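# Observations on the model geometry
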There are 2 protein chains.
Amino acid sequence: MSVTTESISHPACSEIELSAVLHALSDPVRLMIVAELAKGEGEYTCGSFSLPVTKSTCTHHFKVLREAGVIQQRQQGTTRLNSLRREDLDARFPGLLGTILKAAPNSVAVAAETA
Amino acid sequence: MSVTTESISHPACSEIELSAVLHALSDPVRLMIVAELAKGEGEYTCGSFSLPVTKSTCTHHFKVLREAGVIQQRQQGTTRLNSLRREDLDARFPGLLGTILKAAPNSVAVAAETA
DNA sequence: TCCGTTGTACGACGAGCATCGTACAATAGC
DNA sequence: GCTATTGTACGATGCTCGTCGTACAACGGA
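Procedures and definitions
- Residues numbered from 1 in each chain as written.
- Chains lettered and ligands numbered in written order.
- Predicted model: local features only at pLDDT ≥ 70, side-chain atom pairs only at ≥ 80, totals over all residues.
- Heavy atoms only, no water.
- Disulfide = S-S within 2.5 Å.
- pLDDT = per-residue confidence, 0-100.
- Contact = heavy atoms within 4.5 Å.
- Least-squares fit on C-alpha atoms with pLDDT ≥ 70 in both.
- Near = heavy atom within 4 Å.
- Polar contact = N/O pair within 3.5 Å; in protein donor to acceptor, adjacent residues only side chain to side chain.
- Helix = DSSP H or I, 4+ residues; strand = E, 2+ residues; numbered from the N terminus.
- Nonpolar A, V, L, I, M, F, W, Y, C, P; charged D, E, K, R; others polar.
- Axes fitted to C-alpha atoms, helices over the stretch in contact; angles between N-to-C directions.
- Parallel < 35°, antiparallel > 145°, perpendicular 65-115°, else oblique.
- Left-handed = near helix turned anticlockwise from the far one by under 90°.
- Pairing = 2+ DSSP bridges.

## Here's the deal with the state of the cysteines
- The full count for this structure, using the stated rule, is zero disulfides over all chains.
- The structure places no disulfide on A:Cys58, whose sulfur is separated from the nearest cysteine sulfur, that of A:Cys46, by 6.0 Å.

## Focus on the confidence of the model for chain A
Residue and element names in this part refer to chain A.
- For chain A, the mean per-residue pLDDT works out to 85, and 85% of the residues sit at or above 70.
- Confidence over residues 1-6 falls short of pLDDT 50; this stretch has 14 contacts with residues more than four positions distant or in other chains.
- Considering only residues more than four positions removed or in separate chains, one finds that residues 107-115, a stretch of pLDDT under 50, has 10 contacts.

## Here's the deal with the relation of the copies chain B and chain A
- With an axial shift of 0.0 Å and an RMSD of 0.0 Å, the rotation relating chain B to chain A amounts to 180 degrees. Considering both components of the superposition, the chain copies are consistent with a two-fold axis.

## Examining the protein's contact with DNA strand D
- A:Arg30, A:Ser56, A:His61, B:Lys55 and B:Thr59 are the nearest of the 19 residues found near DNA strand D.
- In DNA strand D, atoms within 4 Å of the protein come 54% from sugar and phosphate.
- One nitrogen or oxygen atom from the main chain of A:Thr54 is found 3.0 Å from a phosphate oxygen belonging to DNA strand D.
- Interatomic distance of 3.4 Å between a side-chain N/O atom of B:Ser56 and a base nitrogen of DNA strand D.

## Some remarks on the protein's contact with DNA strand C
- Around DNA strand C lies a shell of 20 residues, among which A:Lys55, A:Thr59, B:Ser56, B:His60 and B:His61 are the nearest.
- Taking all atoms of DNA strand C within 4 Å of the protein, the share assigned to sugar and phosphate is 56%.
- Contact between DNA strand C and A:Gly47: a phosphate oxygen at 2.9 Å from a main-chain N or O atom of the residue.
- B:Arg30 is positioned such that a nitrogen or oxygen atom in its side chain is 2.8 Å from a phosphate oxygen of DNA strand C.
- Going through the elements one at a time, α3 (55-68) and β5 (79-84) of chain A together with α3 (55-68) of chain B are the ones with two or more residues in the surface near DNA strand C.
- By residue number, the principal contributor to the surface near DNA strand C is α3(B), which donates four residues.
- The residue inventory of the surface near DNA strand C, partitioned by class, reads two nonpolar, 14 polar and four charged.

## Here's the deal with the packing of helix α1 (residues 18-25) of chain B against α3(B)
Residue and element names in this part refer to chain B.
- Orientation of α1 relative to α3, taken along the N-to-C sense of each, is 155 degrees, at an axis distance of 9 Å. The angle between the axes of α1 and α3 places the two elements in the roughly antiparallel class. For the pair α1 and α3, the crossing hand works out as left-handed. Where α1 approaches α3, its residues Ala20, Val21, Ala24 and Leu25 are matched on the opposing element by Val64, Leu65 and Ala68.
- By residue class, the composition of the contact of α1 with α3 is seven nonpolar, no polar and no charged.

## Some remarks on the sheet that holds strand β3 (residues 44-45) of chain A
Residues and elements named next belong to chain A.
- Spatial ordering of the open sheet is given by β3-β5-β4, a layout of three strands whose pairing is antiparallel. Two strands in the sheet have a free side with no partner beyond their single neighbour: β3 and β4 (71-76).
- Of the pairings in the sheet, the one linking β3 to β5 comprises two bridges and is antiparallel in character. The residue bridging threonine 45 from the neighbouring strand is leucine 81, located in β5.
- Seen against the sheet, helix α2 (residues 28-40) touches β3, β4 and β5 and runs at an angle of roughly 80 degrees to β5.

## Observations regarding the environment of A:Lys102
- In this structure, A:Lys102 sits in helix α5 (residues 96-103).
- It is 9.5 Å that separates the C-alpha atoms of A:Lys102 and A:Ala35, two residues lying 67 residues apart in sequence.

So this is what it looks like as C-alpha coordinates:
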(Lines give C-alpha, C1' and ligand atoms only; values in the text may rest on other atoms or scores of the structure.)
Protein backbone atom coordinates (compact mmCIF):
# COMPACT_ATOMS: atom_id res chain seq x y z
CA MET A 1 0.00 0.00 0.00
CA SER A 2 2.22 2.78 -1.16
CA VAL A 3 0.73 6.12 -2.04
CA THR A 4 2.22 7.13 -5.32
CA THR A 5 0.48 10.41 -5.93
CA GLU A 6 -1.71 11.81 -3.18
CA SER A 7 -4.36 10.03 -1.23
CA ILE A 8 -5.29 7.59 -3.98
CA SER A 9 -3.77 4.22 -3.19
CA HIS A 10 -1.75 2.47 -5.85
CA PRO A 11 0.20 -0.76 -5.55
CA ALA A 12 3.96 -0.43 -5.68
CA CYS A 13 5.69 -1.74 -8.76
CA SER A 14 6.83 -4.88 -6.96
CA GLU A 15 3.35 -5.48 -5.63
CA ILE A 16 1.75 -5.77 -9.06
CA GLU A 17 0.39 -9.29 -9.53
CA LEU A 18 0.09 -11.03 -12.84
CA SER A 19 -3.27 -12.55 -12.03
CA ALA A 20 -4.68 -9.16 -11.17
CA VAL A 21 -3.34 -7.60 -14.36
CA LEU A 22 -4.71 -10.37 -16.54
CA HIS A 23 -8.04 -10.23 -14.78
CA ALA A 24 -8.17 -6.46 -15.16
CA LEU A 25 -7.51 -6.71 -18.87
CA SER A 26 -9.91 -9.60 -19.42
CA ASP A 27 -12.87 -7.22 -19.45
CA PRO A 28 -13.58 -5.64 -22.85
CA VAL A 29 -14.47 -2.26 -21.37
CA ARG A 30 -11.25 -2.08 -19.40
CA LEU A 31 -9.25 -3.23 -22.37
CA MET A 32 -10.77 -0.37 -24.34
CA ILE A 33 -9.71 2.07 -21.65
CA VAL A 34 -6.15 0.77 -21.62
CA ALA A 35 -5.95 0.82 -25.39
CA GLU A 36 -7.12 4.42 -25.44
CA LEU A 37 -4.56 5.37 -22.85
CA ALA A 38 -1.82 3.59 -24.77
CA LYS A 39 -2.78 5.42 -27.92
CA GLY A 40 -2.20 8.88 -26.53
CA GLU A 41 0.66 8.35 -24.09
CA GLY A 42 -0.59 11.26 -21.94
CA GLU A 43 -3.15 11.84 -19.24
CA TYR A 44 -6.86 11.53 -19.78
CA THR A 45 -9.86 12.38 -17.66
CA CYS A 46 -12.35 9.61 -16.96
CA GLY A 47 -14.95 11.47 -18.97
CA SER A 48 -12.88 11.64 -22.12
CA PHE A 49 -13.61 8.01 -22.91
CA SER A 50 -16.76 7.15 -24.79
CA LEU A 51 -17.63 3.99 -22.94
CA PRO A 52 -20.88 2.03 -23.25
CA VAL A 53 -21.47 2.13 -19.50
CA THR A 54 -22.69 4.59 -16.90
CA LYS A 55 -20.54 6.79 -14.70
CA SER A 56 -20.78 4.43 -11.75
CA THR A 57 -19.57 1.49 -13.75
CA CYS A 58 -16.86 3.65 -15.19
CA THR A 59 -15.59 4.51 -11.73
CA HIS A 60 -15.60 0.83 -10.89
CA HIS A 61 -13.51 -0.12 -13.93
CA PHE A 62 -10.96 2.60 -13.31
CA LYS A 63 -10.69 1.43 -9.74
CA VAL A 64 -10.03 -2.15 -10.81
CA LEU A 65 -7.36 -1.00 -13.26
CA ARG A 66 -5.74 1.20 -10.64
CA GLU A 67 -5.71 -1.46 -7.92
CA ALA A 68 -4.24 -3.96 -10.35
CA GLY A 69 -1.43 -1.51 -11.02
CA VAL A 70 -2.27 -0.99 -14.67
CA ILE A 71 -3.08 2.71 -14.50
CA GLN A 72 -2.24 5.65 -12.32
CA GLN A 73 -4.74 8.23 -11.16
CA ARG A 74 -4.00 11.77 -10.15
CA GLN A 75 -6.49 14.23 -8.80
CA GLN A 76 -6.64 17.69 -10.36
CA GLY A 77 -9.50 19.82 -9.28
CA THR A 78 -12.74 18.01 -9.92
CA THR A 79 -11.26 15.81 -12.58
CA ARG A 80 -9.08 12.77 -12.21
CA LEU A 81 -6.24 12.28 -14.65
CA ASN A 82 -5.50 8.74 -15.75
CA SER A 83 -2.29 7.48 -17.26
CA LEU A 84 -0.85 4.12 -18.08
CA ARG A 85 1.86 2.72 -15.80
CA ARG A 86 3.74 1.59 -18.83
CA GLU A 87 7.22 1.69 -17.31
CA ASP A 88 6.23 -0.08 -14.12
CA LEU A 89 4.45 -2.79 -16.06
CA ASP A 90 7.35 -3.24 -18.44
CA ALA A 91 9.75 -3.46 -15.53
CA ARG A 92 7.69 -6.08 -13.77
CA PHE A 93 6.37 -8.05 -16.77
CA PRO A 94 8.55 -7.24 -19.79
CA GLY A 95 6.66 -7.08 -23.04
CA LEU A 96 3.34 -8.08 -21.55
CA LEU A 97 1.47 -4.85 -22.11
CA GLY A 98 2.76 -4.51 -25.65
CA THR A 99 1.76 -7.97 -26.76
CA ILE A 100 -1.68 -7.68 -25.21
CA LEU A 101 -2.27 -4.36 -26.91
CA LYS A 102 -1.13 -5.80 -30.22
CA ALA A 103 -3.45 -8.73 -29.68
CA ALA A 104 -6.39 -6.51 -28.83
CA PRO A 105 -9.26 -6.84 -31.30
CA ASN A 106 -10.58 -4.55 -34.05
CA SER A 107 -10.61 -0.88 -33.16
CA VAL A 108 -8.26 -1.51 -30.33
CA ALA A 109 -5.67 -2.96 -32.68
CA VAL A 110 -5.49 0.33 -34.54
CA ALA A 111 -4.86 2.09 -31.29
CA ALA A 112 -2.00 -0.24 -30.48
CA GLU A 113 -0.20 0.52 -33.71
CA THR A 114 0.01 4.20 -32.87
CA ALA A 115 1.72 3.47 -29.59
CA MET B 1 -17.96 -24.57 -32.88
CA SER B 2 -15.58 -26.70 -34.81
CA VAL B 3 -14.60 -30.12 -33.57
CA THR B 4 -10.87 -30.35 -33.74
CA THR B 5 -10.28 -33.82 -32.41
CA GLU B 6 -13.28 -36.02 -31.74
CA SER B 7 -16.44 -35.16 -29.87
CA ILE B 8 -14.84 -32.65 -27.56
CA SER B 9 -15.66 -29.17 -28.77
CA HIS B 10 -12.85 -26.71 -29.28
CA PRO B 11 -13.04 -23.21 -30.71
CA ALA B 12 -11.43 -22.74 -34.11
CA CYS B 13 -8.26 -20.71 -34.23
CA SER B 14 -10.10 -17.68 -35.57
CA GLU B 15 -12.72 -17.98 -32.87
CA ILE B 16 -10.30 -17.58 -30.00
CA GLU B 17 -11.08 -14.39 -28.12
CA LEU B 18 -8.54 -12.34 -26.27
CA SER B 19 -10.86 -11.65 -23.36
CA ALA B 20 -11.48 -15.34 -22.88
CA VAL B 21 -7.78 -16.18 -23.00
CA LEU B 22 -6.88 -13.48 -20.50
CA HIS B 23 -9.70 -14.52 -18.22
CA ALA B 24 -8.65 -18.15 -18.46
CA LEU B 25 -5.10 -17.28 -17.52
CA SER B 26 -6.08 -14.90 -14.73
CA ASP B 27 -6.72 -17.81 -12.38
CA PRO B 28 -3.60 -19.05 -10.55
CA VAL B 29 -4.58 -22.70 -10.81
CA ARG B 30 -5.11 -22.48 -14.55
CA LEU B 31 -1.90 -20.55 -14.99
CA MET B 32 -0.12 -23.38 -13.21
CA ILE B 33 -1.65 -25.88 -15.59
CA VAL B 34 -0.60 -23.90 -18.64
CA ALA B 35 2.91 -23.40 -17.30
CA GLU B 36 3.23 -27.13 -16.70
CA LEU B 37 2.04 -27.87 -20.20
CA ALA B 38 4.45 -25.33 -21.65
CA LYS B 39 7.30 -26.89 -19.75
CA GLY B 40 6.97 -30.31 -21.32
CA GLU B 41 5.72 -29.55 -24.81
CA GLY B 42 3.89 -32.90 -24.94
CA GLU B 43 0.60 -34.34 -23.83
CA TYR B 44 -0.37 -34.74 -20.22
CA THR B 45 -3.25 -36.45 -18.49
CA CYS B 46 -5.38 -34.39 -16.14
CA GLY B 47 -4.17 -36.45 -13.22
CA SER B 48 -0.50 -35.79 -13.84
CA PHE B 49 -0.79 -32.32 -12.37
CA SER B 50 -0.45 -31.88 -8.64
CA LEU B 51 -3.06 -29.23 -8.17
CA PRO B 52 -4.41 -27.97 -4.85
CA VAL B 53 -8.00 -28.68 -5.84
CA THR B 54 -10.29 -31.68 -6.15
CA LYS B 55 -11.02 -33.65 -9.29
CA SER B 56 -14.27 -31.82 -9.94
CA THR B 57 -12.62 -28.43 -9.82
CA CYS B 58 -9.86 -29.77 -12.00
CA THR B 59 -12.35 -30.79 -14.66
CA HIS B 60 -13.87 -27.33 -14.50
CA HIS B 61 -10.52 -25.58 -15.00
CA PHE B 62 -9.57 -27.77 -17.94
CA LYS B 63 -12.92 -27.04 -19.49
CA VAL B 64 -12.42 -23.30 -19.14
CA LEU B 65 -8.98 -23.53 -20.71
CA ARG B 66 -10.29 -25.66 -23.54
CA GLU B 67 -13.26 -23.44 -24.32
CA ALA B 68 -11.02 -20.40 -24.31
CA GLY B 69 -8.86 -22.10 -26.90
CA VAL B 70 -5.78 -22.31 -24.74
CA ILE B 71 -5.49 -26.08 -24.58
CA GLN B 72 -6.56 -29.05 -26.63
CA GLN B 73 -8.03 -32.22 -25.19
CA ARG B 74 -7.95 -35.63 -26.77
CA GLN B 75 -9.59 -38.71 -25.41
CA GLN B 76 -7.52 -41.87 -25.13
CA GLY B 77 -9.11 -44.72 -23.28
CA THR B 78 -10.16 -43.54 -19.85
CA THR B 79 -7.67 -40.74 -19.79
CA ARG B 80 -7.80 -37.39 -21.48
CA LEU B 81 -4.63 -36.01 -22.97
CA ASN B 82 -4.05 -32.27 -22.71
CA SER B 83 -1.74 -30.20 -24.82
CA LEU B 84 -1.13 -26.52 -25.33
CA ARG B 85 -2.46 -24.92 -28.51
CA ARG B 86 0.77 -23.04 -28.83
CA GLU B 87 0.74 -22.61 -32.59
CA ASP B 88 -2.89 -21.53 -32.75
CA LEU B 89 -2.34 -19.01 -29.99
CA ASP B 90 0.82 -17.67 -31.60
CA ALA B 91 -0.95 -17.35 -34.91
CA ARG B 92 -3.83 -15.44 -33.41
CA PHE B 93 -2.03 -13.41 -30.75
CA PRO B 94 1.69 -13.37 -31.58
CA GLY B 95 3.95 -13.46 -28.58
CA LEU B 96 1.15 -13.38 -26.06
CA LEU B 97 1.61 -16.82 -24.58
CA GLY B 98 5.36 -16.42 -24.36
CA THR B 99 5.28 -13.12 -22.52
CA ILE B 100 2.64 -14.30 -20.09
CA LEU B 101 4.63 -17.42 -19.29
CA LYS B 102 7.77 -15.36 -18.80
CA ALA B 103 5.80 -13.07 -16.52
CA ALA B 104 4.39 -15.94 -14.50
CA PRO B 105 5.53 -15.93 -10.89
CA ASN B 106 8.00 -18.12 -8.93
CA SER B 107 7.98 -21.78 -9.83
CA VAL B 108 6.12 -21.02 -12.98
CA ALA B 109 8.90 -18.77 -14.20
CA VAL B 110 11.33 -21.66 -14.08
CA ALA B 111 8.96 -23.67 -16.19
CA ALA B 112 8.80 -20.94 -18.79
CA GLU B 113 12.56 -20.89 -19.25
CA THR B 114 12.59 -24.53 -20.25
CA ALA B 115 10.13 -23.89 -23.04
C1' DT C 1 -23.29 32.95 -4.63
C1' DC C 2 -25.37 29.68 -7.45
C1' DC C 3 -25.21 26.25 -10.86
C1' DG C 4 -22.96 22.94 -13.87
C1' DT C 5 -19.40 19.57 -14.27
C1' DT C 6 -16.76 15.65 -12.66
C1' DG C 7 -16.35 11.82 -10.28
C1' DT C 8 -17.08 8.93 -5.85
C1' DA C 9 -19.88 6.25 -2.37
C1' DC C 10 -23.21 3.16 -1.31
C1' DG C 11 -26.67 -0.11 -1.91
C1' DA C 12 -28.89 -3.37 -4.87
C1' DC C 13 -29.47 -6.95 -8.25
C1' DG C 14 -28.58 -10.65 -11.42
C1' DA C 15 -25.11 -13.46 -13.34
C1' DG C 16 -21.08 -16.02 -13.29
C1' DC C 17 -17.40 -18.37 -10.99
C1' DA C 18 -14.42 -21.42 -7.99
C1' DT C 19 -15.06 -24.91 -5.03
C1' DC C 20 -16.78 -29.17 -3.28
C1' DG C 21 -19.25 -33.91 -2.70
C1' DT C 22 -21.53 -37.56 -4.61
C1' DA C 23 -22.88 -40.31 -8.31
C1' DC C 24 -21.96 -42.13 -12.68
C1' DA C 25 -19.70 -43.67 -17.27
C1' DA C 26 -15.82 -45.79 -19.66
C1' DT C 27 -11.83 -48.23 -20.12
C1' DA C 28 -7.71 -51.24 -18.61
C1' DG C 29 -6.00 -55.02 -16.17
C1' DC C 30 -6.45 -59.04 -13.43
C1' DG D 1 -16.68 -60.78 -15.11
C1' DC D 2 -14.89 -57.81 -11.42
C1' DT D 3 -12.46 -54.08 -9.83
C1' DA D 4 -9.52 -50.09 -9.90
C1' DT D 5 -8.54 -45.93 -12.37
C1' DT D 6 -9.70 -41.75 -14.79
C1' DG D 7 -12.46 -38.25 -15.53
C1' DT D 8 -17.33 -36.17 -16.27
C1' DA D 9 -22.06 -34.69 -14.72
C1' DC D 10 -24.91 -32.57 -11.67
C1' DG D 11 -26.33 -30.00 -7.84
C1' DA D 12 -25.21 -26.94 -4.07
C1' DT D 13 -22.89 -23.11 -1.88
C1' DG D 14 -20.64 -18.93 -1.04
C1' DC D 15 -18.18 -15.32 -3.22
C1' DT D 16 -17.06 -12.01 -6.67
C1' DC D 17 -18.14 -9.30 -10.57
C1' DG D 18 -20.42 -6.05 -13.84
C1' DT D 19 -24.07 -3.14 -14.02
C1' DC D 20 -27.11 0.42 -12.55
C1' DG D 21 -29.56 4.37 -9.85
C1' DT D 22 -29.44 7.69 -6.52
C1' DA D 23 -27.17 10.62 -3.47
C1' DC D 24 -23.32 13.25 -2.38
C1' DA D 25 -18.77 15.89 -2.36
C1' DA D 26 -15.52 19.10 -4.64
C1' DC D 27 -14.21 22.40 -7.68
C1' DG D 28 -14.77 26.03 -11.57
C1' DG D 29 -17.13 29.58 -13.94
C1' DA D 30 -20.78 33.04 -14.59
